[in-house]
Amino acid sequence: MLSPKKVKYRKQMKGNMRGKALRGSTITFGDYALKAMECGRMTAQQIEAARITINRTVKRGGKMWIRVFPDKPLTKKPAETRMGKGKGSPEQWVAPIKPGRILYELTGVDEELAVKALKLAGNKLPFATKVISRRTTL
């Protein structure tokens, strides 16, 4: 699973999910892309599941770019623990996603296959997504 090698602080605050994505909202590398339409958190497991789905659908043809990285720790306290006694330990890594963020890019495959692969990958994610193209919005 994806996780940072080193972080400055072990625990972070959750933050808020307001606004649109300022950076990472345009297709940079490929011809087709999966774009987030809602805000949410994408775990390292979800990033990996969507990546595997895309690779299997395009039968490892073409080139794919993953444009998100889980660099925010989510903490959790053990079950049946009383209130207080500080914050829980980091359990998983997430990438905060805002509307308009490009998640995956794809090139080197025909349009029909790219759209199918990216739609299947979008089904693995906990927020609404949309397949877009460099030339026209699909």
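Higher on the page you've got the structure.
From a predicted model like this one, the values you see are computed outputs, not experimental measurements.

Honestly, the overall build of the protein in this entry has me stumped. Any pointers?
A tally of regular secondary structure across the protein gives 2 helices and 7 strands. Listing every helix and strand of the protein by position from the N terminus yields β-β-α-β-β-β-β-α-β. By its C-alpha atoms, the protein is 55 × 30 × 25 Å across when sized along the principal axes. Within the protein, contacts between residues at least 6 apart in sequence are counted, and of these 81% link residues at least 24 apart. Counting only carbon and sulfur atoms, one obtains 50% of the accessible surface of the protein, whose full area is about 9,100 Å². Charged side chains in the protein number 31 positive and 10 negative. The centres of these two groups are separated by 10 Å.

Would you mind showing me how to read the pairing of strand S5 (residues 89–97) here?
Regular strands show a simple pattern: their side chains alternate between the two faces of the sheet. Where strand S2 (residues 40–43) lies against S5, 4 bridges are found, and the strand directions are antiparallel. Bridging from a neighbouring strand, Thr43 pairs with Val94 of S5. The pairing of strand S4 (residues 72–76) with S5 spans 5 bridges and is classified as antiparallel. For Lys72, the partnering residue across the bridge sits in S5 and is Val94.

Please explain the packing of aromatic side chains as it appears in this structure.
Any aromatic ring pair is given by two values, namely how distant the centres are and how the planes are angled relative to each other. Within the structure shown, the criterion is met by 1 aromatic pair. Relative to Trp65, the ring of Phe29 lies with its centre 5.6 Å away and its plane at 20°, an arrangement referred to as stacked. With Phe29 in the segment before strand S1 (32–36) and Trp65 in strand S3 (residues 63–66), this residue pair connects regions lying 36 residues apart in the sequence. Residue Phe29 is classed as partly exposed on the basis of its relative accessible area of 44%.

Just checking my understanding: could you explain the sheet that holds S5 for this structure?
For sheets, the rule is that strands pair by backbone hydrogen bonds, running either parallel or antiparallel. Strand order in the open sheet made by the 3 strands is S2-S5-S4, with antiparallel pairing throughout. Of all the strands in the sheet, the pair left with one neighbour each is S2 and S4. Ignoring which end each strand starts from, the neighbouring axes of this sheet average 50° apart.

The rules behind the values
Residues numbered from 1 in each chain as written. Predicted model: local features only at pLDDT ≥ 70, side-chain atom pairs only at ≥ 80, totals over all residues. Heavy atoms only, no water. Helix = DSSP H or I, 4+ residues; strand = E, 2+ residues; numbered from the N terminus. Contact = heavy atoms within 4.5 Å. Areas by Shrake-Rupley, 256 points an atom, 1.4 Å probe, with all protein chains shown as cover. Lys, Arg positive; Asp, Glu negative; His and termini not counted. Charge placed at Lys NZ, Arg CZ, Asp CG, Glu CD. Pairing = 2+ DSSP bridges. Phe/Tyr/Trp six-rings, centres within 6.5 Å; stacked < 30°, edge-to-face > 60°. Buried < 20%, exposed > 50% of the residue type's maximum accessible area, 1.4 Å probe, protein only. Axes fitted to C-alpha atoms, helices over the stretch in contact; angles between N-to-C directions.

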